[in-house]
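The primary structure of each chain is shown beneath.
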Amino acid sequence: MRSGATSSLDLNGQTRVAVLLPLPLPGAYDYRAPEGLALAPGDFVSIPLGAREVVGVVWDPALGRSPVAAARLRDVSRLLPAPPLPAVSRRFVDWVAGYTLSPPGAVLRMAMSVPGALVPPRPLAAFRWLAAGTGKSTPARERVRAVLRDGPPRPLSELVLEAGVGPGVIKAMAAAGWLEAARLPPAPAFAAPDLKRKGPTLSPAQGEAARSLSGDIGHGFKTTLLDGVTGAGKTEVYFEAIAAALDSGRQVLVLLPEIALSAEWLERFAARFGVAPAVWHSEISPSERRRAWRAAGDGEARVVVGARSALFLPFPDLGLIVVDEEHDGAYKQEEGVIYQARDMAVVRARLGDIPIVLVSATPSLETVRNVATGRYRAVHLAHRHAGASLPLVAAVDMRRDRPPARSWLSPSLRQALTETLAAGDQAMLFLNRRGYAPLTLCRHCGHRFQCPTCTSWLVEHRFGARLRCHHCGFEMARPDVCPACATAGELAACGPGVERLAEEAAALFPNARIATMTSDTVAGPRAAEALIGRVRAKEIDLLIGTQIIAKGHNFPGLTLVGVVDADLGLIGGDLRAAERTYQLLHQVGGRAGRADRPGRVLLQTYSADHPAMMALVSGDRDRFLEQEAAGRREAGLPPFGRLAALIVSGGDAGALDRFCRVLSRAAPRGEGFTVLGPAPAPLAILRGRHRRRFLLKCRHDVRPQPLVRAWLAGVKVPGALRVQVDIDPYGFL
Ligand code: ADP
Ligand code: ZN
């Protein structure tokens, strides 16, 4: 017996290869390379799997796998004409799989999510002038001749346009020998950035930061936090680092949390580099997807800007990664392979031995801690560009400054809105709650409308008169009669959503031009862009919205931001609730007063003495982070300890609880960690499935992965139940 399969055991002149398939299987499968087909790790191949043909990747030899008997091996069907998956991408797939405890094939699926891209784009049909034809000349033929004479072959579509003839004329000329058909390589999908263009003249502090980041290009792995207040010019600074990486001939990846909504970022990029970058996120079309994947893989796309999954693009020569808004919760993927893209980006940079820049005005405690321990370096930009001042933040104590009944705006916020609008300035109201009201109840019997398949109230959306579950999408018409007691006209909306707020604002300021912006009211990136454009053009006086208005947009005329319920994010047992509240509200507040005008931020709160509120008011971020850190250190929570969550779910609560008892008994025991649970998840029922949570809490020097792996290896999960593993959980629902 040979010990350990390799990818190239000699079988009478033929070779054995391991092929990883983009399927949730435990590992790679062995195949035989047919005679004359030389295969190397990274090659995309088509192989028979059962009765199907599946595309996979020739994987690197794994040690310790017991080889399948040679006689039982099936042949690789064919090699696909695509650039191979680079070695660094393969190592990244293995690494992410190992860290997140996912099957490597499930991770590979993210790296080859566009099967169509494995076929090279078709060459263009083109024609060249031969002048050897027969038959008479016509005005149409003359025009074709004039376009083609002395020139290179032209694609049919261009020729038709330029000569003003139908395709039939051209085909007839080719048949008569005047033209010769040719094949042109397809037009490049992405033009190269123009490196001769200059960015703005940087301030001394910006220049120093830019030189520092640029100086790292080509010098191996290094993680840098680019830390600076909103408007400090962080984007301008990292654009210089991008230019430096491009100048050295390498590719660049920029991750943004809400790529679909950042038309503004794309405009700035185009202004700086003269071209659009390749864009990668869930909302691009299948053909854009094919183009972007292929262009990232063959190096034609020099810069890719994308959402978290862009990390898995097959860059052959990545030289720099930038993660903008590194603290953003959107970097955590919660479905399928559960991973934190910011952390995995650092891993990708380490495997590629390249620098990575994490950018934020409110860095995560994880990153701040890594700076403190010296693992990451920090580059600071302390001031807003061109002396623009930071907004003045004040708390409105709702215990004293009470809004009138069934309204949500306190007298001081009303006053501030009145002043702002009277001065012809713009204002914004922020409430992180879609719809009209988060709860509808019957005043007669107390019945509350709940989702039939989730542990959640139905949210009233007055537009369309619907009640909707924000977790599963269930919806129903809002009835007039209570379904429990049959009383009519007694259903009451409880609490505000943005729609209700807009109603109050419209009543208070009948002359103001008001717009609401939520994921319900703006359908897609284009609609969002249009609305943002109207705000910037000062066609809107008061913008009301959820967190989609908090991100990145630049509204020069905005001088007042009202946060309607600053406490909203503090509710619930999430260990990062205070940190997130601080980050979100800081970001919302950062929309005010970006130009030469000072801005004001009013936070309506019932807990004005909460550390997050005090930090927002005082602007003392670092003190807040120290307090947060002290609390987490005390509790052994991240970043001072490690967490892994197990979410067990199933349709039958009894079977679920029985299995949870089995899991409990099999739970790991030992030094340096504890297992908490099972506990019903806060979202105890989701889409009709009951859910229980376990939490494995480890000391910082104890890795949760081996513990979870051993734990799950010791139990058999019944077919109707599902166990999801969430390493480094961010959501606790
Ligand atoms: P941040 O990313 O830190 O929020 P930005 O890079 O978006 O900051 O800069 C804020 C605004 O200031 C942008 O409109 C940007 O173009 C402008 N700006 C920043 N630095 C400069 C500079 N050196 N010269 C001209 N404009 C600048
Ligand atoms: Zn639901």
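The rules behind the values
- Residues numbered from 1 in each chain as written.
- Chains lettered and ligands numbered in written order.
- Predicted model: local features only at pLDDT ≥ 70, side-chain atom pairs only at ≥ 80, totals over all residues.
- Heavy atoms only, no water.
- Helix = DSSP H or I, 4+ residues; strand = E, 2+ residues; numbered from the N terminus.
- Rg over C-alpha atoms; globule rule 2.2 N^0.38 Å.
- Buried < 20%, exposed > 50% of the residue type's maximum accessible area, 1.4 Å probe, protein only.
- Contact = heavy atoms within 4.5 Å.
- Areas by Shrake-Rupley, 256 points an atom, 1.4 Å probe, with all protein chains shown as cover.
- Pairing = 2+ DSSP bridges.
- Axes fitted to C-alpha atoms, helices over the stretch in contact; angles between N-to-C directions.
- Parallel < 35°, antiparallel > 145°, perpendicular 65-115°, else oblique.
- Nonpolar A, V, L, I, M, F, W, Y, C, P; charged D, E, K, R; others polar.
- Donors = N, O, S within 2.8 Å, 3.2 Å for Na, K, Ca; no water.
- Near = heavy atom within 4 Å.
- Polar contact = N/O pair within 3.5 Å; in protein donor to acceptor, adjacent residues only side chain to side chain.
- Expected span 1.5 Å × (residues − 1).
- Arc of directions from axis to C-beta.
- Domains from an automatic or database assignment.
- Phe/Tyr/Trp six-rings, centres within 6.5 Å; stacked < 30°, edge-to-face > 60°.
- Salt bridge = Lys/Arg side-chain N within 4 Å of Asp/Glu carboxyl O.

## Focus on the overall build of the chain
Logical step 1: Helix and strand counts for the chain stand at 19 helices and 33 strands.
Logical step 2: At 30 Å, the chain has a C-alpha radius of gyration in line with the 27 Å of a compact globule built from 733 residues.
Logical step 3: Within the chain, the proportion of its 733 residues that are buried is 51%.
Logical step 4: Partitioning the intrachain contacts of the chain with sequence separation of at least 6 by distance along the chain shows that 74% fall at a separation of at least 24.
Logical step 5: Surface accessibility of the chain: about 32,500 Å² in total, with carbon and sulfur atoms responsible for 55%.

## Topic: the side chain of Asp-397
Logical step 1: Within the secondary structure, Asp-397 is located in strand 19 (residues 392-397).
Logical step 2: You can call Asp-397 buried: its relative accessible area is 11%.
Logical step 3: When sequence neighbours within four positions are dropped, the list of residues in contact with Asp-397 reads Thr-605 and Ala-608.

## Quick look at the sheet that holds strand 27 (residues 542-545)
Logical step 1: In spatial order, the strands read 19-29-28-20-27-26; together these 6 strands make up an open sheet with parallel pairing. The sheet terminates laterally at strand 19 and strand 26 (514-517), the two strands that pair on one side only. Pairwise comparison of adjacent strand axes, ignoring direction, gives a mean angle of 20° for this sheet.
Logical step 2: Pairing between strand 28 (residues 558-563) and strand 29 (residues 600-605): 4 bridges, direction parallel. Bridge pairing in strand 29 links Gly-562 to Leu-602.

## A look at the packing of helix 11 (residues 365-372) against helix 17 (residues 621-635)
Logical step 1: Where helix 11 contacts helix 17, the two axes come as close as 11 Å, and the packing angle between them is 90°. Taken as axis vectors, helix 11 and helix 17 run roughly perpendicular relative to one another. Facing Leu-365, Glu-366, Val-368 and Arg-369 of helix 11, the residues of helix 17 in contact are Leu-625, Glu-628, Ala-629, Arg-632 and Arg-633.
Logical step 2: Looking at side-chain class alone, the contact of helix 11 with helix 17 contains 4 nonpolar, no polar and 5 charged residues.

## What about the coordination of the zinc ion (ligand 2)?
Logical step 1: Coordination of the zinc ion (ligand 2) by the protein comes from Cys-451 (SG), Cys-454 (SG), Cys-469 (SG) and Cys-472 (SG), over a distance range of 2.3 to 2.4 Å.
Logical step 2: Mapped onto the sequence, the donors of the zinc ion (ligand 2) take the spacing C-x2-C-x14-C-x2-C. One end of the pair, Cys-451, is in the loop between strand 21 (439-442) and strand 22 (459-461); the other, Cys-469, is in the loop between strand 23 (466-468) and strand 24 (475-477), and 18 residues separate them in sequence. When sorted by exposure, Cys-451 lands in the same class as Cys-469, which is buried.

## Side note on the sheet that holds strand 18 (residues 377-381)
Logical step 1: Spatial strand order, 12-13-11-14-17-10-18: 7 strands in an open sheet with parallel pairing. Bordering the open sheet on either side are strand 12 (278-280) and strand 18, each of which pairs with just one other strand. The average angle at which neighbouring strand axes cross in this sheet is 20°, direction not considered.
Logical step 2: As defined by bridge partners, strand 11 (residues 251-255) adjoins strand 13 (residues 303-306) across 4 bridges and the pair is classed as parallel. Counterpart to Val-252 in the pairing with strand 13 is Val-303.

## Points about the site of ligand 1
Logical step 1: The local shell around ligand 1 holds 16 residues, among which Thr-201, Gly-231, Lys-234, Thr-235 and Arg-268 are the closest.
Logical step 2: With respect to ligand 1, the backbone of Thr-201 contributes an N or O atom lying 2.8 Å from a nitrogen atom.
Logical step 3: In the environment of ligand 1, an oxygen atom lies 2.7 Å from a nitrogen or oxygen atom belonging to the backbone of Gly-231.
Logical step 4: Within the complex, the protein chains bury 76% of what would otherwise be the 550 Å² of accessible surface of ligand 1.
Logical step 5: Among the elements that make up the shell around ligand 1, the one with the highest residue count is helix 7 (residues 234-247) (3 residues).
Logical step 6: Considered class by class, the residues forming the shell around ligand 1 number 4 nonpolar, 8 polar and 4 charged.

## Description of the environment of Arg-272
Logical step 1: Tracing the backbone through its elements, the reader meets Arg-272 in helix 8 (residues 263-273).
Logical step 2: Judged by its relative accessible area of 7%, Arg-272 is buried.
Logical step 3: Each C-alpha atom of the pair Arg-272 and Arg-462 lies 44 Å from the other, and the pair is 190 residues apart in sequence.
Logical step 4: If we skip the residues at most four places from it in the chain, Arg-272 touches Arg-197, Lys-198, Gly-199, Phe-239, Glu-240 and Ala-243.

## Considering helix 12 (residues 411-422)
Every α-helix carries 3.6 residues per turn, so stepping three or four residues along brings you back to the same face.
Logical step 1: When the terminal C-alpha atoms of helix 12 are compared, their 16 Å separation across 12 residues agrees well with the 16 Å that a helix rising 1.5 Å per residue should span.
Logical step 2: Of all the positions in helix 12, only Leu-413, Arg-414, Ala-416, Leu-417, Thr-420 and Leu-421 are classed as buried. With its buried residues spanning 165° around the axis, helix 12 presents them on a single face.
Logical step 3: Looking at the buried side of helix 12, the elements it contacts are strand 20 (426-430), helix 13 (498-508), strand 27, strand 28 and strand 29.
Logical step 4: Of the residues trailing helix 12, Gly-424 is marked for its positive phi of about 80°.

## Observations regarding the domain arrangement of the chain
Logical step 1: Once the domains are mapped, the chain shows domain 1 (10-96), domain 2 (124-184), domain 3 (204-386), domain 4 (388-433 + 497-629), domain 5 (435-495) and domain 6 (641-727).
Logical step 2: Relative to domain 6, the C-alpha centre of domain 2 lies at a distance of 69 Å.

## Quick look at helix 3 (residues 139-148)
Logical step 1: Residues Ala-140, Arg-141, Val-144, Val-147 and Leu-148 constitute the buried set of helix 3. Axial view of helix 3: buried residues confined to an arc of 120°, hence all on one face.
Logical step 2: Its buried side turned inward, helix 3 meets strand 7 (124-129), strand 8 (154-155), helix 4 (156-163), helix 5 (167-175) and strand 9 (179-184).

## Quick notes on the packing of aromatic side chains
Logical step 1: Counting across every chain of the model gives 13 aromatic pairs.
Logical step 2: Taken together, a centroid distance of 5.9 Å and an interplanar angle of 70° make the contact between Phe-44 and Trp-293 edge-to-face. One end of the pair, Phe-44, is in strand 4 (residues 44-49); the other, Trp-293, is in helix 9 (residues 286-298), and 249 residues separate them in sequence. Side by side, Phe-44 and Trp-293 carry an identical accessibility label, which is buried.

## Re unusual backbone geometry
Logical step 1: A cis amide bond, omega 5°, links Pro-638 with the succeeding residue Pro-639.
Logical step 2: The topology assignment puts Pro-639 in the loop between helix 17 and strand 30 (641-650).
Logical step 3: Phi at Ala-465 takes a positive value of approximately 50°, unusual for a residue other than glycine.
Logical step 4: Structurally, Ala-465 is set in the loop between strand 22 and strand 23.
Logical step 5: Unusually for a residue other than glycine, Asp-728 sits at a positive phi of about 55°.

## Topic: the pattern of salt bridges
Logical step 1: Scanning the entire structure with this criterion turns up 38 salt bridges.
Logical step 2: Its salt-bridge partner being Asp-397, residue Arg-399 comes within 3.1 Å of it at the nearest N-O pair.
Logical step 3: The closest approach of N and O atoms between Glu-460 and Arg-478, which form a salt bridge, is 3.1 Å. Note that Glu-460 is positioned in strand 22 and Arg-478 in the loop between strand 24 and strand 25 (491-494), a separation of 18 residues in sequence.
Logical step 4: Because the salt bridges share partners, they merge into one network encompassing Arg-434, Arg-466, Arg-468, Glu-475 and Asp-520.

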